[in-house]
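Chain by chain, the residues:
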Amino acid sequence: MYLLVNILGIFVFLGIALLFSKNRKAINWRSVITVLVLNLLIAYILTEFAWGRAAVNAAADGFTGLVKVANSGIAFALPSWLNMKSPDFVTTSLLPILLIVPVFDILTYIGILPWIIKWVGRGLAFITGQPKFESFFAVEMMFLGNTEALAVSGLQLKQISAQRNVVISMMSMSCVTASILGAYTQMVPGQYVLTAVPLNILNAVIITSILSPVKVTPEEDTIAKMGGSSANNSAAVAEKVVDKDKPAEKEPFFSFLGDSILGAGKLILIITANVIAFVALAALVDKILGFINPNLSLEHILGIIMFPFAWLMGSDVNTAFNFAQQMGTKLITNEFVVMGKVSPHINDFAPHYRAQLTVFLTSFANLSTVGMIVGAFKGLVDRAKNDVISHNVGYMILSGILVSLMSAGVIGLFVW
């Protein structure tokens, strides 16, 4: 029965996208079905085949290995932090970012990461029939993050139509950054974190293709040769290597590395500040609600709102309500808040719920991301295009929610 409910849920999520579609007649159903089949195939391979499970476990172990190496640096500078009986969230999950971000930036600097982005993007466009830039961007944001991927695509965003910019803004809601996956794997099961990455990419393509279908002529279906919007941005170097006929002159390696390390430090401070602020604000809201009714809480309200969607994941009522609470908290705060909360006992959850919760949490789809994306577009496109994007904030939020629901629903089909 629960499997049938899970299957029904996937069709309901697609139905919601269809209900709010801006132009149902323009939907390329052949492409949507192709991507959906590819989505199911990848989830099946990564969960049902021994070699598929071994691949994602090896990738998760790779991030765990990087974290262990990073701990040697932490142990040198802050031994008391690492040797505490119960090391805190910043020490175990965030400080390793000081190594992981530079590692990915070095891969960008020497051209390995741009090469992967380019060819995987082209392959995705060929298989799915999606426009080249949209496919390229889907892969790009997986490695670079939403604002970074937008920054290096500035010239392309200026050239394409306002409606295609809206599609890109909607896709940006569902990205993850490869350099932050190590932090995720320290809090929730790594194999499902790594499985979520390709599922989010493909579901972002599916949902945006239904919500906002755009016809792209062969003349428009190109990728601009651009150099990014910031000469000191490591992502900009990636775009230069990918798209320029001749490689752009690189800044000195150690200058580049220094900028990367400083950027990683700023990222840690930003995440820490956000987590502290959001957890405190949630506690403040609970305090206020408690004055109204002692049994009232933010989690309870969010659980009621998100319960129908959580139930469609194929769990019993109690599990679905708990899932709904975590869903709602993640959407109004961020994934780190919920991961930190469930981390101590997530391995005690039923396999189905554990897999779905991890996949749902593995993305930047939350309300604060909307501001980041709109702000990034303000600095990249003209006011007319930016106004169109601002008028579609509701679609951005809807896209982010539906992609997370779809990814969790798909993984749930194969893990029980």
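Residues numbered from 1 in each chain as written. Predicted model: local features only at pLDDT ≥ 70, side-chain atom pairs only at ≥ 80, totals over all residues. Heavy atoms only, no water.

Quick look at the environment of Phe-309
Topologically, Phe-309 is positioned in helix H16 (residues 298–311). Note on Phe-309: relative accessible area 26%, which makes it partly exposed. The sequence separation of Phe-309 and Leu-405 amounts to 96 residues, and the corresponding C-alpha distance is 7.8 Å. If near-sequence neighbours (up to four positions away) are discounted, Phe-309 is found in contact with Phe-13, Ile-16 and Leu-405. (Helix = DSSP H or I, 4+ residues; strand = E, 2+ residues; numbered from the N terminus. Buried < 20%, exposed > 50% of the residue type's maximum accessible area, 1.4 Å probe, protein only. Contact = heavy atoms within 4.5 Å.)

Describing the pattern of salt bridges
All told, the structure shown has two salt bridges when counted by the stated rule. The shortest N-O distance in the salt bridge between Asp-387 and Arg-383 comes to 4.0 Å. Remark: Arg-383 and Asp-387 occur in helix H21 (residues 383–390); sequence separation between them is four residues, near one turn of the helix. Residue Asp-387 is classed as partly exposed on the basis of its relative accessible area of 32%. (Salt bridge = Lys/Arg side-chain N within 4 Å of Asp/Glu carboxyl O.)

Regarding a nonpolar patch on the surface
Together, Met-1, Tyr-2, Leu-3, Leu-4, Ile-7, Phe-11, Trp-311, Val-317 and Trp-416 line one region of the surface with nonpolar side chains, adding up to about 970 Å² of accessible area. Note that Trp-416 resides in the segment after helix H22 (393–412). (Patch = residues over 30% accessible without salt bridge, like charges linked within 9 Å, V, L, I, M, F, W, Y side chains within 5 Å. Areas by Shrake-Rupley, 256 points an atom, 1.4 Å probe, with all protein chains shown as cover.)

Section: the side chain of Asn-6
Here Asn-6 is to be found in helix H1 (residues 2–19). Residue Asn-6 is classed as buried on the basis of its relative accessible area, which comes to 0%.

So, the UniProt feature "domain: Concentrative nucleoside transporter N-terminal" (unreviewed entry) in the chain
Feature annotation in UniProt places "domain: Concentrative nucleoside transporter N-terminal" (unreviewed entry) on residues 8–79, given in this structure's numbering. Taken end to end, residues 8–79 comprises 85% helix and 0% strand; its first and last C-alpha atoms sit 51 Å apart. (UniProt positions renumbered as here; feature names shortened; annotations may be inferred.)

What to know about the environment of Met-339
Looking at where Met-339 falls in the secondary structure, it is placed in helix H18 (residues 335–342). When its relative accessible area of 0% is taken as the criterion, Met-339 is described as buried. Considering only alpha carbons, one finds Met-339 and Leu-361, 22 residues apart in sequence, at a separation of 7.5 Å. In this structure, Met-339 is in contact with Tyr-184, Met-187, Val-188, Leu-361 and Thr-362, ignoring residues within four places of it in sequence.

Things to note about the UniProt feature "transmembrane region" (unreviewed entry) in the chain
According to UniProt, the "transmembrane region" (unreviewed entry) feature falls on residues 6–21, 33–51, 94–117, 166–185, 261–284, 296–314, 357–381 and 393–415. Taken end to end, residues 261–284 is 100% helix and 0% strand, and its first and last C-alpha atoms sit 35 Å apart. The annotated region residues 296–314 carries 74% helix and 0% strand content, and the separation between its end C-alpha atoms amounts to 27 Å.

Points about the nonpolar core
Ile-97, Leu-150, Leu-157, Ile-168, Tyr-184 and Phe-336 are the most contacted members of the largest nonpolar core, which has 117 residues in total. When residues in this core are grouped by element, the largest group, 14 residues, is from helix H13 (residues 190–211). (Core = buried A, V, L, I, M, F, W, Y, C linked by side-chain atoms within 4.5 Å.)

Concerning helix H20 (residues 367–378)
Over its twelve residues, H20 extends 18 Å from the first C-alpha to the last, a length consistent with the 16 Å expected when each residue adds 1.5 Å. The set of residues buried in H20 consists of Thr-369, Val-370, Ile-373, Val-374, Ala-376 and Phe-377. Burial along H20 is one-sided: seen end-on, the buried residues are contained in an arc of 160°. Its side-chain oxygen 3.1 Å from the backbone nitrogen of Thr-369, Asn-366 forms the N-cap of H20. (Expected span 1.5 Å × (residues − 1). Arc of directions from axis to C-beta. Polar contact = N/O pair within 3.5 Å; in protein donor to acceptor, adjacent residues only side chain to side chain.)

Examining the packing of helix H17 (residues 317–332) against helix H19 (residues 351–361)
One can describe the packing of H17 onto H19 by two numbers: an axis separation of 11 Å at closest approach and a directional angle of 15°. The pairing of H17 with H19 is recorded here as roughly parallel in orientation. The two elements H17 and H19 cross, and the hand of that crossing is right-handed. Listed contacts from H19 to Thr-319, Asn-322, Phe-323, Gln-326, Met-327, Lys-330 and Leu-331 of H17 are Tyr-353, Gln-356, Leu-357, Phe-360 and Leu-361. Grouping the amino acids of the contact of H17 with H19 by side-chain chemistry returns seven nonpolar, four polar and one charged. (Axes fitted to C-alpha atoms, helices over the stretch in contact; angles between N-to-C directions. Parallel < 35°, antiparallel > 145°, perpendicular 65-115°, else oblique. Left-handed = near helix turned anticlockwise from the far one by under 90°. Nonpolar A, V, L, I, M, F, W, Y, C, P; charged D, E, K, R; others polar.)

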